[in-house]
Amino acid sequence: MTNQNNLEKTAIVIFGVTGDLTRRKLVPAIYELILNNRIPKNLWVIGFARREWDDQSLRDVFYKAISESGLELDRKKFEELFPNIKYLKSDFDQENGYIELSQIFKEKKINNVLYYLATPPDAYDTIIEKIGVAGLNDLKSGWTRIVIEKPYGSDLATAKALEELVHKVFKENQIYRIDHYLGKETVQNILVLRFANGIFEPLWNRQYVDHVQITVSETVGVGTRAGYYESTGVIRDMFQNHMMQLLALTAMEAPVAFSADCVRDEKVKVLRALRPFDKKDVLKNTFRAQYASGYISNERVRGYKDEDGVASNSTTETFLATRVFVDNWRWSGVPFFLRSGKRLPKRMTEIAIQFKQVPLPLFDWQNMAGDAPNVLVLRLQPDEGIKLTFGAKLPGPVNQIAPVEMEFNYKSSFNQKTPEAYVRLIQDALYGDATLFTRSDEVITQWTFTDRIVDGWKTNQAKYLPVYESGTWGPLGADQFIQGNNRKWRNME
Ligand code: BG6
């Protein structure tokens, strides 16, 4: 798919090039793609931002960003591999900036362009509109695409407004909405595990699955992002996007083909099948909490309300557990428990498919029910792999069963580091493959479901949320939330 001829005379225009995302993710990813010969080194990267920088200062920033990312690098190699870097200083609402941009396109004979919005989201409208006004939304000489970062709106109404604006300027097949979880190698492996193997799929349904647990736990707090996080919380920061995408990939039917629209058609069907919450059901099916001070890796950390920029009466959740149902033939009646939180003891993302018990217990030790059920765990990060737990007879003249594990581990099997999500996503956007980007109807359906939860919370306004000590797996209420029918959270030791 990576025919580099398609990338002759191509530019990536990064709006917000002076920001954190560009430095930490975009530039190292672009460099890695050049280094591995996935994209040509004559590609132009044009930075568009407000600061008083010039081409040289941008080059220096890129160099530093790449060296900080840990990629192999020396100045000579960098100059040789990454020669085409240009800085354009302009406010986002200045039409002159866009005229200058079009002159650069002419001068450098650019035929194809990938716009990348790496700015705070309040600049999206202006930039998109101005690109349209300048007529730069469709370079007739080749292709024109736009990558839009999350957050894609802050609720259904704002997401729809953004959709409307973007669609005035770009066609759907030009729009690449990022959910960086889809760029993670192990997230893509969910589909490979399910649809490249014959043995799992027959079990992947309500007949055999008791419930599914999807956990994204983080040890970090809100850091310097309180301004953003206060109005976001886990529900908008993690649930509306990353977690709903993990759910869709886990629950979807096999696509007709592995192509952008076929895969996205199946994902959106799952999202549409989610049982909508009535306002009164929301509190029963969600559990929120907030971190208090505590210890992470033996270091004392502050509570959420003591973080800079957090209101002393904040009711923003830093922990969220939800119980959702996919009302279709495959999943009817199977609960999906989704949980995510900050300041939990371990950083891990996993999807656990817990299977039902055998119909009749024949052995003393409950046939693997209770403490050690049959579970297939897809570990997405950090130590990526897949694990199946089952019962085996303990050696000796007793009829006792012990839980054992069959395990596949990415690192030991393939002996390479798993690439950064952005490497794959930028490559795909350049080559026009939108499979790992969310489509308009997905984003809107995700917000429709999320908004109902938020509305339910608003109706039953909480004065305060339960708190949990940083470095623990949430308050007692979180454990009670999932309890019943031998269900409990899988907490990593
Ligand atoms: C981002 C959220 O989208 O994802 C952050 O805004 C979160 O709050 C991050 O920390 C988690 O991503 P990852 O790749 O570290 O699991």
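Relevant structure appears above.
Procedures and definitions
Residues numbered from 1 in each chain as written. Predicted model: local features only at pLDDT ≥ 70, side-chain atom pairs only at ≥ 80, totals over all residues. Heavy atoms only, no water. Patch = residues over 30% accessible without salt bridge, like charges linked within 9 Å, V, L, I, M, F, W, Y side chains within 5 Å. Areas by Shrake-Rupley, 256 points an atom, 1.4 Å probe, with all protein chains shown as cover. Salt bridge = Lys/Arg side-chain N within 4 Å of Asp/Glu carboxyl O. Helix = DSSP H or I, 4+ residues; strand = E, 2+ residues; numbered from the N terminus. Buried < 20%, exposed > 50% of the residue type's maximum accessible area, 1.4 Å probe, protein only. Phe/Tyr/Trp six-rings, centres within 6.5 Å; stacked < 30°, edge-to-face > 60°. Core = buried A, V, L, I, M, F, W, Y, C linked by side-chain atoms within 4.5 Å. Domains from an automatic or database assignment. Contact = heavy atoms within 4.5 Å. Pairing = 2+ DSSP bridges. Axes fitted to C-alpha atoms, helices over the stretch in contact; angles between N-to-C directions. Near = heavy atom within 4 Å. Polar contact = N/O pair within 3.5 Å; in protein donor to acceptor, adjacent residues only side chain to side chain. Nonpolar A, V, L, I, M, F, W, Y, C, P; charged D, E, K, R; others polar. Right-handed = clockwise from strand over helix to strand, strands pointing away. Parallel < 35°, antiparallel > 145°, perpendicular 65-115°, else oblique. Left-handed = near helix turned anticlockwise from the far one by under 90°.

K.L.:
Would you explain a nonpolar patch on the surface in this entry?
P.N.:
On the surface, Leu360, Leu362 and Phe363 cluster together into a nonpolar patch covering about 340 Å² of accessible area. With respect to the helices and strands, the residue Leu362 is situated in the loop between strand E12 (348-355) and strand E13 (375-381). Look at Leu362 and you get exposed, because its relative accessible area is 64%.

K.L.:
How should I be thinking about the packing of aromatic side chains in this particular structure?
P.N.:
This model, assessed by the stated rule, comprises 26 aromatic pairs. With a centroid separation of 5.8 Å and 35 degrees between ring planes, the pair formed by Phe62 and Phe82 is classed as tilted. You can see Phe62 sitting in helix H2 (residues 55-68) and its partner Phe82 sitting in the loop between helix H3 (75-81) and strand E3 (85-89), a full 20 residues away along the chain. Residue classification places Phe82 among the buried residues on the basis of a relative accessible area of 1%. Where Phe408 meets Phe414, the ring centres are 6.1 Å apart and the plane angle is 75 degrees; that geometry is what we call edge-to-face.

K.L.:
I keep staring at the nonpolar core and nothing clicks. Help me out?
P.N.:
Taken as a class, soluble globular proteins show a tendency for nonpolar side chains to be buried jointly. Counting 112 residues, the largest nonpolar core has Ile30, Phe82, Tyr116, Phe336 and Leu430 as its most contacted members. In terms of residues, this core owes the most to one element, helix H9 (residues 233-251), which gives 11 residues. Taken together, domain 1 (4-149) and domain 2 (182-418 + 443-483) each give at least three residues to this core, which thus spans both. The residues touching Ile30, leaving out its near neighbours within four places in the chain, are Ile12, Ile14, Ile39, Leu43, Val45, Phe82 and Ile426. By size, the runner-up hydrophobic cluster in this structure holds 37 residues, among which are Phe48, Val113, Tyr124 and Ala159.

K.L.:
Explain the sheet that holds strand E6 (residues 175-177) to me, please; I cannot follow it from the model alone.
P.N.:
Paired through backbone hydrogen bonds, the strands of a sheet run either parallel or antiparallel to each other. Taking strand neighbours across the sheet as the criterion, the 6 strands line up as E3-E2-E1-E4-E5-E6 in an open arrangement whose pairing is parallel. The open sheet has two free edges, formed respectively by E3 and E6, since each of these has just one partner strand. Averaged over all pairs of adjacent strands, the angle between their axes in this sheet comes to 20 degrees, without regard to strand direction. Here strand E4 (residues 112-117) runs beside strand E5 (residues 144-148); their pairing, made up of 5 bridges, is parallel. Looking across to E5, one finds that Leu117 is bridged to Ile148. Contacts from helix H1 (residues 20-35) reach strand E1 (10-15), strand E2 (44-49) and E4 within the one sheet, and its direction differs from that of E1 by about 170 degrees.

K.L.:
Can you walk me through the site of the ligand in this structure?
P.N.:
Near the ligand, the surroundings consist of Lys150, His180, Tyr181, Lys184, Glu218, Arg225, Asp237, Met238, His242, Lys342, Arg347 and Gln381. Here an oxygen atom of the ligand sits 2.6 Å away from a polar atom, N or O, in the side chain of Lys184. The contact in question runs from an oxygen atom of the ligand to an N or O atom on the side chain of Arg347, over 3.2 Å. Calculation on the ligand without its partners gives an accessible area of 400 Å², and the protein chains cover 81% of this total. Of the residues contributing to the shell around the ligand, the split by class is 2 nonpolar, 3 polar and 7 charged.

K.L.:
What is the right way to read the pairing of E1 from this model?
P.N.:
Remember that side chains alternate between the two faces of the sheet whenever the strand is regular. Extensive coverage of E1 is indicated by the burial of 6 of its 6 residues. Covered by surrounding structure in E1 are Thr10, Ile12 and Ile14 together with Ala11, Val13 and Phe15, the residues of both alternating faces. Bridge analysis of E1 against E4 gives 6 bridges, and the strand direction is parallel. Paired with Ala11 across the strands is Val113, a residue of E4. Where E1 meets E2, 5 bridges bridge the pair, whose relative direction is parallel. From the neighbouring strand, Val13 faces E2, where its bridge partner is Ile46. In terms of handedness, the path from E1 via H1 over to E2 forms a crossover that is right-handed.

K.L.:
Just checking my understanding: could you explain the packing of helix H5 (residues 124-133) against helix H6 (residues 156-169) for this structure?
P.N.:
Relative placement of two packed helices is described by the angle separating their axes and the distance separating the axes. Remark: H5 packs on H6, axes separated minimally by 9 Å, with the N-to-C direction vectors making an angle of 20 degrees. Considered as vectors, H5 and H6 are oriented roughly parallel to each other. H5 and H6 meet at a crossing whose hand is left-handed. Contact with H5, carried on its side by Tyr124, Asp125, Ile128 and Gly132, involves Leu162, Leu165, Val166 and Val169 of H6 and no other residues of that element. Split by residue class, the contact of H5 with H6 holds 6 nonpolar, 1 polar and 1 charged.

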